[in-house]
Amino acid sequence: MEGHQALVGDVGWIEVICGSMFSGKTEELIRRLTRATIARQRVQVFKPAVDARFGKDVVSHSGQRTPSVEVASASEILGRLDESTKVVGVDEAQFLGLELVDVVEEIVSGGRRVVVAGLDQDYMGRPFEPIPQLMAIADSVTKTMAVCVVCGHPANKTQRLVEGEGRVLVGASEAYEARCRRCWSPDPAKAIPVEFEAAGTTGV
Ligand code: ADP
Ligand code: MG
Ligand code: ZN
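Residues numbered from 1 in each chain as written. Chains lettered and ligands numbered in written order. Predicted model: local features only at pLDDT ≥ 70, side-chain atom pairs only at ≥ 80, totals over all residues. Heavy atoms only, no water.

Student: I would appreciate a short explanation of the packing of aromatic side chains in the present structure.
Tutor: The geometry of an aromatic ring pair is captured by the separation of the ring centres together with the interplanar angle, meaning the angle of the planes. Inspection of every chain in the model, using the stated rule, returns zero aromatic pairs. Looking at R160, its charged tip hangs above the ring of Y123, at a distance of 3.7 Å from the centre. Positioned above the aromatic ring of F128, the side-chain terminus of R167 is 4.2 Å from the ring centre. (Phe/Tyr/Trp six-rings, centres within 6.5 Å; stacked < 30°, edge-to-face > 60°. Lys NZ or Arg CZ within 6 Å of the ring centre and 35° of its normal.)

Here's what the structure looks like:
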């Protein structure tokens, strides 16, 4: 899709990168923003303050990182936007709520390119707004897939391992795993233990 940039120019352009946890959303976001920087376009990256796992940077599970601006709400992005910014990245967009849809529309109406990354489903497998709404209005949608830690198939679901929390529980490998549809359960108490299944599938 990057090839279209010269063509669309000031019309504005919305990209969505979505999938389960560990699927490479942040890596893909950083990859695209790095290319924009190489093209000498001014880039700004935003992330919700609720996700304080790695301090102020946007950091992937593989350790790639880029500096970002933390915001308490989606509308705060508008106030923090520099006039000269051409490309706007947003990571962990599922924490910014439906307000982000209007904010993205506003940014893109100024002719900017917006790249949004976030979870498409919550741990129950339910569409996680605002990602479904952003997918609908986007010019480009990329679904990234992780690897199922139980069986090795492509994984489209996020398995929660901790019981008794609400929809938002910020965490990484201690709280979540990537799993395929077959190995995943919306109920943490019913999650198949990884060691048991993995032992049965290794040794081939
Ligand atoms: P996301 O932003 O989607 O959570 P990241 O971009 O932060 O994902 O991290 C992706 C990286 O996580 C992969 O390149 C790989 O190094 C690592 N990783 C760890 N567990 C898995 C898994 N089960 N499937 C795929 N990648 C994984
Ligand atoms: Mg990420
Ligand atoms: Zn599986």
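Don't stop here, the text continues.
Student: For this particular structure, what's the right way to read helix 4 (residues 99-109)?
Tutor: Helical periodicity: at 3.6 residues per turn, an α-helix aligns residues three or four positions apart in one direction. Taken as a whole, helix 4 has its buried residues at L100, V101, V103, V104, I107 and V108. Taken down its axis, helix 4 places every buried residue within 165° of arc, on the same side. Structural note: helix 4 exposes D102 and S109 on the side pointing more than 90 degrees away from its buried face. Elements in contact with the buried residues of helix 4: strand 1 (13-19), helix 3 (76-80), strand 6 (87-90), strand 7 (113-119) and helix 5 (131-137). Of the residues flanking the end of helix 4, it is G111, one or two places downstream, whose phi is positive at about 90°. (Buried < 20%, exposed > 50% of the residue type's maximum accessible area, 1.4 Å probe, protein only. Helix = DSSP H or I, 4+ residues; strand = E, 2+ residues; numbered from the N terminus. Arc of directions from axis to C-beta. Contact = heavy atoms within 4.5 Å.)

Student: Mind showing me how you'd approach the pattern of salt bridges here?
Tutor: It is possible for side chains of opposite charge to pair when their charged atoms get near one another. On inspection of all chains with the given rule, the structure shows 13 salt bridges. With a shortest N-O distance of 2.9 Å, R32 and E15 are connected by a salt bridge. With R32 in helix 2 (residues 25-38) and E15 in strand 1, the pair connects residues that are 17 residues apart, well separated along the chain. As far as the burial class goes, R32 and E15 line up, both buried. Here D187 and K190 are joined by a salt bridge, their closest N and O atoms 3.8 Å apart. Given the relative accessible area of 28%, D187 is considered partly exposed. Because the salt bridges share partners, they merge into one network encompassing E15, E28, R31, R32 and R113. (Salt bridge = Lys/Arg side-chain N within 4 Å of Asp/Glu carboxyl O.)

Student: Please clarify how the site of ligand 1 should be interpreted in this entry.
Tutor: Around ligand 1, the structure places 15 residues, and the nearest of them are F22, K25, T26, E27 and H61. Separating an oxygen atom of ligand 1 from a side-chain N or O atom of T26 is a distance of 2.9 Å. Within the backbone of H61, an N or O atom sits 2.7 Å from an oxygen atom of ligand 1. Burial of ligand 1 by the protein amounts to 75% of the accessible area it has alone, namely 580 Å². Elements supplying a minimum of two residues to the shell around ligand 1: helix 2 and strand 9 (146-147). Tallied by class, residues from the shell around ligand 1 come to six nonpolar, seven polar and two charged. Formed jointly, the shell around ligand 1 draws a minimum of three residues from each of two domains, domain 1 (4-144) and domain 2 (145-204). (Near = heavy atom within 4 Å. Polar contact = N/O pair within 3.5 Å; in protein donor to acceptor, adjacent residues only side chain to side chain. Areas by Shrake-Rupley, 256 points an atom, 1.4 Å probe, with all protein chains shown as cover. Nonpolar A, V, L, I, M, F, W, Y, C, P; charged D, E, K, R; others polar. Domains from an automatic or database assignment.)

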